[in-house]
Amino acid sequence: MIHWNHGATELLGYDASEMIGRNIDILYPEDELKKARWIKMQTLLYGSYRDQIRKQTKEGKVIYTDVSASVLRDEKNRIVGITRYSQDITQKKEIEEALLEQTKKLNFQAYHDPLTQLPNRTLFNDRLQQTIVYAQRHQESFGVFFIDLDNFKQINDTLGHYMGDEVLKIVAKRLIKCVREEDTLSRLGGDEFTLLVHELATPESAAKVAEKIMDAMKEPIVIDHQTLHVTVSIGISLYPRDAINMHDLLKYADIAMYKAKEEGRNNYQFYSSKMMNIALKKATMEKELRRAIEENELLVYYQPQIDARNRSLVGVEALVRWDHPEKGLVPPDAFIPLAEETGLIKDLDHYVMCQAMSDMVEWQQMGLAPGILSLNLSISQLMKNDFFFKLQKTLLETGFKVKWLTFEITENQVMLNPKRSIKKLTMLNQMGVKISIDDFGTGYSSLAYLKRFPVDKLKIDKSFIHDLPYNAEDCAITNAVIALAESLQLEIIAEGVEQRDQVRYLLEQGCYIIQGYHYSRPLPKKEMTEYLQR
Ligand SMILES: Nc1nc2c(ncn2[C@@H]2O[C@H](COP(=O)(O)O[C@H]3[C@@H](O)[C@H](n4cnc5c(=O)[nH]c(N)nc54)O[C@@H]3COP(=O)(O)O)[C@@H](O)[C@H]2O)c(=O)[nH]1
């Protein structure tokens, strides 16, 4: 250094006496020395040069500078040195960097799901489109997977959104481990994930990926000491076998996923053209079911529940039927699963509740004695915040008394979240409503829970009644359920009773309340009125 001015002192903290005679390198942080030499060489080569470089002040602070360097010549035009003018641009640089960071962040947000940090639909579609172009050019095949969590709606409804979100985050982490870096896993929203897997030469290799995903889900998920078993249903479409455009590949994978749900969930399915027809039928049915609820196409049938000791009526179960304008009477098994899947079950069950309560009151006002009303209650209806409000409102509007009411809830639904169910069922119980566990024996309720449930009745599932009294296993299960009910001092009721022998056997074992075709099929209101008048 041969000259050092006042401005340099202000910028870098050293004064002229400290700098003159020293190597300029002390002004640069270690990692900028290479660049400093580059600037020097360019200046010598071209006579002048301008660039940005970081410098280090006397106090050790790193600053950004804009440097204009030019060669210094003597009177004989020989290069004797370099002059440098430096300007502090630290503040400008910091603003630029913050802006860059912000842009990166906004860019990430625009293309990623905030919960799982996975690519979102926009980015997935973009990558899928690019993959199609590449695959067309290079004659490659690939797969689109539609992955949907099983029963996620119930997890959300029963355990709350916090738990639902945690489950989604854990599932996303497990899924990402099943795929290669070049594949794209995205979250479309809710519990839906899509996966783009490159270079899938055969359906067998796609099946391997699907199996890997299902294996990854086998380990239980533990959140806040709660253990959950989460499974997924997967639909797969293959390029070019099934479709060659983005829209169809996604649609077909989605249709195949619905097929996997129908096949009992926790499995994967490849798209086939047959599925397309089924999916179309289902979409039509959902639309029609919405209309049916709005336009009162639903009918409530009543099935008598009989005390077999004296053949007297103790109550009725309300069972919904759909009076379809073209198809005629549609049984609930054909639409209840769809209603549950789409959330329509809440409206449907509310409709049945209003109708049945007003029919019951009408019968009582006619001097008839329909006994207790049993209503099927879905867990999503029970977990709704406005459920109790709606129940109270319907009781008031119809004049129906709570002491005449039993809610039937299936064992499997209650066991989805036993703790929350206990809380809600206790509230019902405190109102004076009776609770019956439906389809008992088909689920997996533990005795410990059963003791804590505010339950009044157990309803033996009809699958155990069907082969009574000739099937030893069914007899053993039926006897065990009856003994359990006795020891817990619960009422017991058998459903699906069709034969005299079954009635005799049940009476011998101590089960007196019976529902089934042996006494009566479910009856429309008019026939039920006649039944009551007999
Ligand atoms: N959430 C709601 N679920 C409902 C409602 N209405 C019905 N359902 C559920 O749909 C399933 C099928 O119901 P359904 O076709 O009405 O069948 C019921 C009876 O008809 C049938 N049954 C009665 N006796 C016999 C018999 O002797 N043999 C025989 N094969 N079937 C018989 O059993 C069904 C009674 O079911 P359950 O509720 O378990 O007592 C069924 O799961 C209904 O629960 C609704 O409004 N909401």
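Please refer to the structure placed before this passage.
Quick caveat, the model's predicted, so the values are computed rather than measured. (Residues numbered from 1 in each chain as written. Predicted model: local features only at pLDDT ≥ 70, side-chain atom pairs only at ≥ 80, totals over all residues. Heavy atoms only, no water.)

## A closer look at the overall build of the chain
Thinking step 1. For the chain, the count of helices and strands is 21 helices and 19 strands.
Thinking step 2. Each of the 534 residues in the chain was classed as buried or not, and the buried ones make up 48%.
Thinking step 3. Accessible surface for the chain amounts to roughly 28,000 Å². Of this, 51% is attributable to carbon and sulfur atoms. (Helix = DSSP H or I, 4+ residues; strand = E, 2+ residues; numbered from the N terminus. Buried < 20%, exposed > 50% of the residue type's maximum accessible area, 1.4 Å probe, protein only. Areas by Shrake-Rupley, 256 points an atom, 1.4 Å probe, with all protein chains shown as cover.)

## Describing the nonpolar core
Thinking step 1. Counting residues in each nonpolar core, the largest one holds 81 residues, and the members touching the most others are Leu348, Leu373, Leu375, Phe407, Leu428 and Leu458.
Thinking step 2. The contacts of Leu373, once residues within four sequence positions are left out, are Tyr302, Val316, Ala318, Ala356, Met357, Met360, Phe400, Trp404, Leu405 and Thr406.
Thinking step 3. Residues Leu118, Phe145, Leu200 and Met217 belong to the second largest nonpolar core, which totals 34 residues. (Core = buried A, V, L, I, M, F, W, Y, C linked by side-chain atoms within 4.5 Å. Contact = heavy atoms within 4.5 Å.)

## Examining the pattern of salt bridges
Thinking step 1. Under the defined criterion, the tally for this structure stands at 32 salt bridges.
Thinking step 2. In this structure, Glu32 engages Arg54 in a salt bridge whose closest nitrogen and oxygen atoms are separated by 3.6 Å. Of this pair, Glu32 sits in the loop between helix H2 (16-19) and helix H3 (33-46) while Arg54 sits in strand S1 (residues 48-56); the two residues are 22 residues apart in sequence, bridging distant segments of the chain. The residues Glu32 and Arg54 share a single accessibility class, namely buried. (Salt bridge = Lys/Arg side-chain N within 4 Å of Asp/Glu carboxyl O.)

## Some thoughts on the sheet that holds strand S5 (residues 184-189)
Thinking step 1. Spatial strand order, S5-S6-S4-S9-S10: five strands in an open sheet with mixed pairing. Sheet topology places S5 and strand S10 (268-270) at the edges, where each strand pairs with a single neighbour. Strand-to-strand twist across the sheet, computed as the mean angle between neighbouring axes with direction ignored, equals 20°.
Thinking step 2. Taken together, the eight bridges between strand S4 (residues 142-149) and strand S9 (residues 232-239) define a ladder with antiparallel strand orientation. Note on S9: the bridge partner recorded for Phe142 is Tyr239. (Pairing = 2+ DSSP bridges. Axes fitted to C-alpha atoms, helices over the stretch in contact; angles between N-to-C directions.)

## Here we look at the sheet that holds strand S2 (residues 62-73)
Thinking step 1. Taken in spatial order, the three strands make up an open sheet running S1-S2-S3, and their pairing is antiparallel. The sheet is open, and its two edges are formed by S1 and strand S3 (79-88), each paired on a single side. Pairs of neighbouring strands in the sheet enclose a mean axial angle of 35°, with direction left out of account.
Thinking step 2. Where S1 meets S2, nine bridges bridge the pair, whose relative direction is antiparallel. The residue bridging Gln52 from the neighbouring strand is Asp66, located in S2.
Thinking step 3. Where H3 meets the sheet, its contacts fall on S1, S2 and S3, and the angle it forms with S1 comes to roughly 160°.
Thinking step 4. Each of S1, S2 and S3 is contacted by helix H4 (residues 90-111), which is oriented at about 125° to S2, the strand it contacts most.

## Here we look at the packing of aromatic side chains
Thinking step 1. The full count for this structure, using the stated rule, is eight aromatic pairs.
Thinking step 2. Measuring from centroid to centroid gives 5.2 Å for Phe387 and Phe388, while their planes differ by 80°, and the two rings are edge-to-face.
Thinking step 3. On the accessibility criterion, Phe388 (13% relative accessible area) is buried.
Thinking step 4. Ring centres of Phe387 and Phe407 lie 5.9 Å apart, and the angle between their planes is 55°; this geometry places the pair in the tilted category. Here Phe387, found in helix H14 (residues 387-398), pairs with Phe407, found in strand S15 (residues 405-410); they are 20 residues apart in sequence, far enough to count as distant.
Thinking step 5. Classification of Phe387 by relative accessible area gives buried; the value is 3%.
Thinking step 6. In textbook terms, an aromatic cluster arises when at least three aromatic residues are bridged by ring pairs, as seen for Phe387, Phe388 and Phe407. (Phe/Tyr/Trp six-rings, centres within 6.5 Å; stacked < 30°, edge-to-face > 60°.)

## What to know about the site of the ligand
Thinking step 1. The immediate surroundings of the ligand are formed by 24 residues, with Glu317, Arg321, Asp349, Glu495 and Glu498 found nearest.
Thinking step 2. A distance of 3.1 Å is found between an oxygen atom of the ligand and a side-chain nitrogen or oxygen belonging to Asn376.
Thinking step 3. Between Asp439 and the ligand, the recorded distance is 3.1 Å, taken from a side-chain N or O atom to an oxygen atom.
Thinking step 4. For the ligand, whose unbound accessible area comes to 810 Å², protein coverage reaches 86%.
Thinking step 5. It is strand S12 (residues 312-324) that provides the largest number of residues to the shell around the ligand, a total of four residues.
Thinking step 6. When its residues are assigned to classes, the shell around the ligand shows nine nonpolar, four polar and 11 charged. (Near = heavy atom within 4 Å. Polar contact = N/O pair within 3.5 Å; in protein donor to acceptor, adjacent residues only side chain to side chain. Nonpolar A, V, L, I, M, F, W, Y, C, P; charged D, E, K, R; others polar.)

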